[in-house]
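Structure assessment
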Amino acid sequence: MELSKYFDHTNLNPNAVESDIIKLADEAKKLNVKSVCVNPSFVKLAHELLKDGDVEVCTVVGFPLGQNTTATKVFETKDAIENGADEIDMVINIGKLIGGDTEYVLNEIRNIKKVCGERILKCIIETALLTDEEILSASKLVMESGADFVKTSTGFSTRGASVHDILLIKSVVSGECGIKAAGGIKDKKFALELIEAGATRIGASKSSSILMQN
């Protein structure tokens, strides 16, 4: 697969303005990435900018803490889809996972996947906050739920993706669902290391500079 198609070209900054999203979409088309990833309030704009091409629109739900109620996340997902989102990156309820309420986490993902239907659902498990055992547990829940990707990170926690994270997730989900590495990916060498370890999608705000590197 062409390297650019691994990338979700991302701008989730709280201070992003309309001109930033227009720039993001223009870059995405030139780079031929898989998608742009934007905050929910910009989904409609991104959809309008990209509707005539093959770059998809991704947005976030329950972001960045994952502590919204399931009903709120379901509403956010429906709203995003109505506004033109092709893919949803949802933060799981990290506290419920750590507290051992895996049934809650599983049911929440299933409810959101039901709304997504054929659209891609990626579940952000925020590996920075989890032990290795919890990463394995979360990955199993995502796979069991029918969601499409395990995603490592929001990019807003204490660290982003690591090769170790990807290897752990792959040990559970290999061949069953995708793996998105996100957070702190700033150079091509690291992106390729993550892909070699098993990442099938890369979330990065530095996609332009990464893809232009030799």
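Residues numbered from 1 in each chain as written. Predicted model: local features only at pLDDT ≥ 70, side-chain atom pairs only at ≥ 80, totals over all residues. Heavy atoms only, no water.

Concerning unusual backbone geometry
Cut-off, in case you're wondering: Starting at the N terminus, helices and strands are each numbered in turn, a helix being any DSSP run of H or I of at least four residues and a strand any DSSP run of E of at least two.
For the bond from Phe63 to Pro64, the omega torsion is 0°, close enough to zero to count as cis. Structurally, Pro64 can be placed in the loop between β3 (56-61) and α3 (70-82). Its identity as a non-glycine residue notwithstanding, Asn32 has a phi of 60°, on the positive side. One non-glycine residue, Glu126, lies in positive phi territory at about 50°. Looking at the element boundaries, Glu126 is found in the loop between β5 (120-124) and α6 (132-145).

Here we look at the packing of aromatic side chains
Rule in force here: Put simply, two rings from Phe, Tyr or Trp (the six-membered ring, in Trp's case) pair if the centres are within 6.5 Å, and we call them stacked under 30 degrees between planes, edge-to-face over 60, tilted for the rest. Criterion for a charge above a ring: Lys NZ or Arg CZ within 6 Å of the ring centre, and within 35 degrees of the ring normal.
Scanning the model with the defined rule gives one aromatic pair in all. With centroids separated by 5.3 Å and ring planes inclined at 85°, the aromatic side chains of Phe63 and Phe156 adopt a geometry described as edge-to-face. Here Phe63, found in the loop between β3 and α3, pairs with Phe156, found in the loop between β6 (149-151) and α7 (163-173); they are 93 residues apart in sequence, far enough to count as distant. Over the ring of Tyr104 we find Lys96, and its NZ or CZ is 4.7 Å from the ring centre.

Brief notes about the pairing of β3
The cut-off we apply is this: With a 1.4 Å probe rolled over the protein chains alone, any residue whose accessible area is under 20% of its type maximum counts as buried; one over 50% counts as exposed, and the rest are partly exposed. Two strands pair if DSSP finds at least two bridges between them. With its strands directed away from the observer, a crossover is right-handed exactly when the path from the first strand over the helix to the second travels clockwise.
Counting buried residues in β3 gives five out of six residues, a clear majority hidden from the surface. Summarising the sheet, strand β2 (residues 35-38) and β3 pair through four bridges and their orientation is parallel. Bridging across to β3, Cys37 finds its partner in Cys58. Viewed along the sheet, the connection from β2 through helix α2 (residues 43-50) into β3 turns out right-handed. Direction of pairing for β3 relative to strand β4 (residues 87-91): parallel, over a ladder of four bridges. Counterpart to Cys58 in the pairing with β4 is Glu87. Handedness of the crossover is the feature at issue here: the chain leaves β3, passes through α3, returns alongside β4, and the resulting connection is right-handed.

As for the pattern of salt bridges
How we decide: Here a salt bridge means any side-chain nitrogen of Lys or Arg lying within 4 Å of a carboxyl oxygen belonging to Asp or Glu.
On inspection of all chains with the given rule, the structure shows 15 salt bridges. As a salt-bridge pair, Asp165 and Arg159 come within 2.8 Å of each other at their nearest N and O atoms. The class for Asp165 is buried, based on a relative accessible area of 1%. Here Arg159 falls in the partly exposed class, since its relative accessible area comes to 34%. One continuous salt-bridge network, built from bridges that share partners, spans Asp8, Glu87, Asp89, Lys122, Lys151, Lys180 and Arg201.

Details of the side chain of Lys151
Filter applied, for reference: We define a polar contact as two N or O atoms separated by no more than 3.5 Å, with the added condition that, inside protein, one atom must be a possible hydrogen donor and the other a possible acceptor, whereas residues neighbouring each other in sequence contribute only through side-chain atom pairs. By definition in these notes, contact holds between two residues if any of their heavy atoms fall within 4.5 Å.
Within the element layout of this structure, Lys151 appears in strand β6. Within polar-contact distance, the side chain of Lys151 engages the side chain of Asp89 at 2.9 Å. Setting aside residues no more than four positions away along its own chain, Lys151 makes contact with Asp89, Lys122, Cys123, Ile124, Ile125, Glu126, Lys180 and Ala182.

Comments concerning the UniProt feature "active site" (unreviewed entry) in the protein
As a reminder of what qualifies: UniProt positions are given in the numbering used here, feature names are shortened, and annotations may be inferred rather than shown by experiment. A cavity, in this analysis, means grid points on a 1 Å lattice covering only the protein atoms where a 1.4 Å probe fits yet has no way out; a pocket is instead an open set bounded by protein on both sides within 12 Å along at least five of seven lines, and a residue lines either one if it has an atom within 4 Å of a point.
Under the UniProt annotation, the feature "active site" (unreviewed entry) is placed at Asp89, Lys151 and Lys180. On the basis of their most widely separated C-alpha atoms, the annotated residues across 92 residues gather in one place, lying no more than 9.9 Å apart. Put simply, the named residues that line the largest pocket are Lys151 and Lys180. Relative to the elements of secondary structure, Asp89 occurs in strand β4. Given the relative accessible area of 0%, Asp89 is considered buried. Beyond its immediate chain neighbours, meaning those up to four positions away, Asp89 contacts Cys37, Cys58, Thr59, Val60, Val61, Lys122, Ile124, Lys151 and Lys180. Judged by its relative accessible area of 3%, Lys151 is buried.

Section: the layout of surface pockets
This is how it is decided: Grid points are joined across faces, edges and corners, and a volume is the space filled by probe spheres set on the points. Classes in brief: Ala, Val, Leu, Ile, Met, Phe, Trp, Tyr, Cys and Pro nonpolar; Asp, Glu, Lys and Arg charged; the others, Gly included, polar.
Its volume calculated, the largest pocket comes out at about 540 Å³. Elements that contribute at least two residues to the lining of the largest pocket include exactly β1 (7-11), α1 (18-31), β7 (178-182) and β8 (201-204). Looking at the lining of the largest pocket, the element that brings in the most residues is α1, giving four residues. Its residues assigned to classes, the lining of the largest pocket shows seven nonpolar, 14 polar and eight charged.

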